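Descriptive analysis of the structure
One-letter residues, chain by chain:
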Amino acid sequence: MIPGAFDYHRPTSVNEAALLLRQLGEDARPLAGGHSLIALMKLRLAMPEHLVDLSGVDGLKGVRREGDDLVIGAMTTQHDIIHDAMLAESLPILRETANQIADPQVRYRGTIGGNVANGDPGNDMPAVMQCLDARFRIASPDGEREISARDFYHGAFDTELHRGDIVTEIRIKAPPRGHGYAYEKMKRKTGDYATAAAAVILTLEGGRCARASVALTNVADTPLWAEEASKILAGSDLGKETLDRAAAAAEAITNPASDLHGPAEFRAKMAGVMLRRAVMRAQARAKA
Amino acid sequence: MSNHHIALAVNGKPVEADVESRLLLVHFLREQLNLTGTHIGCDTGHCGACTVDMNDMSIKSCMCFAVQADGAQITTIEGIAHADGTLSAVQEGFRLMHGLQCGYCTPGMILRAARLLMENPDPTEEEIRQGVSGNLCRCTGYMNIVKAIQYAAAKLHETPLVEAAQ
Ligand SMILES: Cc1cc2nc3c(=O)[nH]c(=O)nc-3n(C[C@H](O)[C@H](O)[C@H](O)COP(=O)(O)OP(=O)(O)OC[C@H]3O[C@@H](n4cnc5c(N)ncnc54)[C@H](O)[C@@H]3O)c2cc1C
Ligand code: FES
Ligand code: FES
């Protein structure tokens, strides 16, 4: 399958890239790892006339700490995330999630910025970003701004990004030491998108859940931060009755499609099952 | 549509070419360089038959434009044997352990296995299975592929790793 023709550009700075994207107009797109975009171009579901490759842009790769924030450059690959010592220590849910994305080859190329900017409800990182209350830093010819992951997604492939916008980094306030975490993903086979998945971060105090945040993947047009379910968990003993209520609250906000991954009713139910498993695993990992 | 001059190294040899921006790396390798050992299975990034080594990473060459490989170091199945033509440890493993039947997936499997062993010289069976999870084989049922990689890992412990990289 041969993609439609396009002009290729390789700028070296964020400014240059953002200006190029603005000038070239509606039919220009950033190119990161290409592992969503090139697939769409081959199917001619995307036919950009210009690709602006971000791989030569300075300063978009790597992980650093800034005060309470962990800052991850947009061009950091899933492979980099899996092998980063700082993330392994402070935000292990990212490694757990990245390891469940596709396969080793895709993870060497696919970037975290591309994963969150893509807007495909099947992508795994967006829900994790909502769970962690991450912020996306966006550069454009008009300047920089920051948007919460919880406000970023409007629909399938419909996000806060406008022409000339580039996600430059992701900022996450690290959860407290000893927090529990889990990303539970149901998939039909290795490398598949989720039938349903749930991300959970929680902290325990004296055996009870002090704080909790839950988000869901691929059970609606957008990732879903499960605010109600998070509230039910927080302050509870995480017992069976609580989990039943939290799972019901999470299922209630889903609106999955019936597709190759299964009928809608099944996928909604699986969102609840993934939530239960994620909470139990997070609880087992948390230090009280 | 734009054309670009690219310069890269393929199997240790410098290569220069003018390529159309939309030319995929796999087509560049197969059709312009006649390195037809790299296969196209699914053309959608799933099967791994097109796996090559680029800048010390296993990549699916059907999901990368040739122009993105400008400046890269690439190894294909044609470059995996030792310089004297004898088989590398991974190749030998596939041969001796019957790690292939039709052979369609084999070039991708071997490239992936070689990189896996460079990153993790002593993988468990589980790590091997995860490590080649981006490579589909319709024939073998994977048992003998796992054995082939285990054979190579054992063999490489006696010989310097650099040799496998060549
Ligand atoms: C076989 C296969 C299986 C996969 N399985 C999964 C899976 O299980 N889970 C999962 O989450 N993903 C999966 N993916 C997708 C993969 O993770 C992609 O790498 C990811 O979705 C996009 O990242 P990318 O760097 O490849 O971006 P690209 O494909 O280059 O870009 C994706 C989109 O985001 C835009 N974009 C990219 N970077 C930026 C930026 N910095 N600022 C603004 N816009 C930007 C592009 O213009 C494009 O519209 C799979 C892919 C394949 C081929
Ligand atoms: S042909 Fe490239 S992954 Fe199948
Ligand atoms: S040997 Fe036939 S596909 Fe693997």
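Here the residue numbering is sequential within each chain, running from 1 through the sequence in written order. Written order decides the labels, with chains lettered from A and ligands numbered from 1. Owing to the predicted nature of the model, reporting of local features is limited to residues with pLDDT of at least 70; listing and counting of side-chain atom pairs is limited to 80 or more, with chain, interface and lining totals taken over all residues. Excluding hydrogens and water, the side-chain figures rest on all heavy atoms present in the structure.

1. Describing the interface of chain A and chain B
Quick note on the threshold: Here a residue-residue contact requires only that any non-hydrogen atoms of the pair lie within 4.5 Å. Accessible area that two parts lose when put together, with a 1.4 Å probe and added across both, is what the buried area reports. Salt bridge criterion: a side-chain nitrogen from Lys or Arg within 4 Å of a carboxyl oxygen from Asp or Glu. Polar contacts here mean pairs of N or O atoms no more than 3.5 Å apart (in protein, one a potential hydrogen donor and the other a potential acceptor; neighbouring residues in sequence count only if both atoms are side-chain atoms). Numbering of helices and strands runs from the N terminus; a helix is a DSSP stretch of H or I covering at least four residues, while a strand is a stretch of E covering at least two.
Each side of the interface is counted separately: chain A has 30 residues, and chain B has 34 residues. The junction of chain A with chain B conceals about 2600 Å² of combined surface from both sides, 56% of it contributed by carbon and sulfur atoms. On the chain A side of the contact with chain B, A:Gln105, A:Tyr108 and A:Arg109 bury the most area, a combined 26% of that side's loss. Where chain A touches chain B, the interface holds 3 salt bridges. Residue A:Arg10 pairs with B:Asp70 through a salt bridge whose shortest N-O separation is 3.0 Å. At the boundary of chain A and chain B, one finds 15 residue pairs in polar contact (both at pLDDT 80 or more). Secondary-structure elements contributing two or more residues to the side of chain A that touches chain B are strand S1 (7-9), helix H2 (37-42), strand S3 (50-53) and helix H6 (104-109) of chain A. For the side of chain A that touches chain B, the element with the most residues is H6(A), which contributes 5 residues.

2. Considerations on the pattern of salt bridges
All names here are of chain A. To be explicit about the condition: Using a 1.4 Å probe on the protein chains alone, a residue whose accessible area is under 20% of its type maximum counts as buried, one over 50% counts as exposed, and one in between counts as partly exposed.
Inspection of every chain in the model, using the stated rule, returns 34 salt bridges over all chains. With its nearest N and O atoms 2.7 Å apart, the salt bridge here joins glutamate 66 to arginine 64. The exposure class assigned to glutamate 66 is partly exposed, which follows from its relative accessible area of 35%. Here the residues in one salt-bridge network are Arg64, Glu66, Asp69, Arg135, Arg137, Glu144, Glu146, Glu169 and Arg171, joined through shared partners.

3. Observations concerning the nonpolar core
Rule in force here: By nonpolar core we mean a set of buried residues, namely Ala, Val, Leu, Ile, Met, Phe, Trp, Tyr and Cys, connected to one another through side-chain atoms within 4.5 Å. Domain segmentation is taken from an automatic or database assignment of domains.
By size, the foremost hydrophobic cluster in this structure holds 39 residues, and its most contacted members are A:Ile93, A:Leu94, A:Met129, A:Phe136 and A:Ile172. Ranked by residue count, the leading element in this core is helix H8 (residues 125-131) of chain A, at 5 residues. Summarising the domain contributions, this core has at least three residues from each of domain 2 (63-173) and domain 3 (180-285) of chain A. Each residue touching A:Ile93, except ones within four places of it in the same chain, is listed here: A:Val128, A:Leu132, A:Tyr181, A:Ala182, A:Tyr183, A:Ala199, A:Val200 and A:Ile201. In this structure, A:Leu31, B:Cys62, B:Ala69 and B:Ala72 belong to the second largest nonpolar core, which totals 34 residues.

4. Quick notes on the domain arrangement of chain B
Residues and elements named next belong to chain B. For clarity, the cut-off: Just so you know the grouping, Ala, Val, Leu, Ile, Met, Phe, Trp, Tyr, Cys and Pro go in nonpolar, Asp, Glu, Lys and Arg go in charged, and all remaining residues, Gly too, go in polar.
According to the domain assignment, chain B consists of domain 1 (3-79) and domain 2 (89-165). Between domain 1 and domain 2, the C-alpha centre-to-centre distance is 21 Å. Counting from both sides, the interface comprises 18 residues of domain 1 and, opposite them, 12 residues of domain 2. Overall, the association of domain 1 and domain 2 removes approximately 1200 Å² of surface from exposure, summing both partners, and the carbon and sulfur fraction of that is 53%. For the pair domain 1 and domain 2, the interface holds 2 salt bridges. In this structure, arginine 115 engages aspartate 53 in a salt bridge whose closest nitrogen and oxygen atoms are separated by 2.8 Å. Viewed at the interface, domain 2 and domain 1 are joined by 9 residue pairs in polar contact (both at pLDDT 80 or more). Where the side of domain 1 that touches domain 2 is concerned, the elements lending two or more residues are strand S3 (51-54) and strand S4 (57-60). In terms of residue class, the side of domain 1 that touches domain 2 is built from 6 nonpolar, 9 polar and 3 charged.

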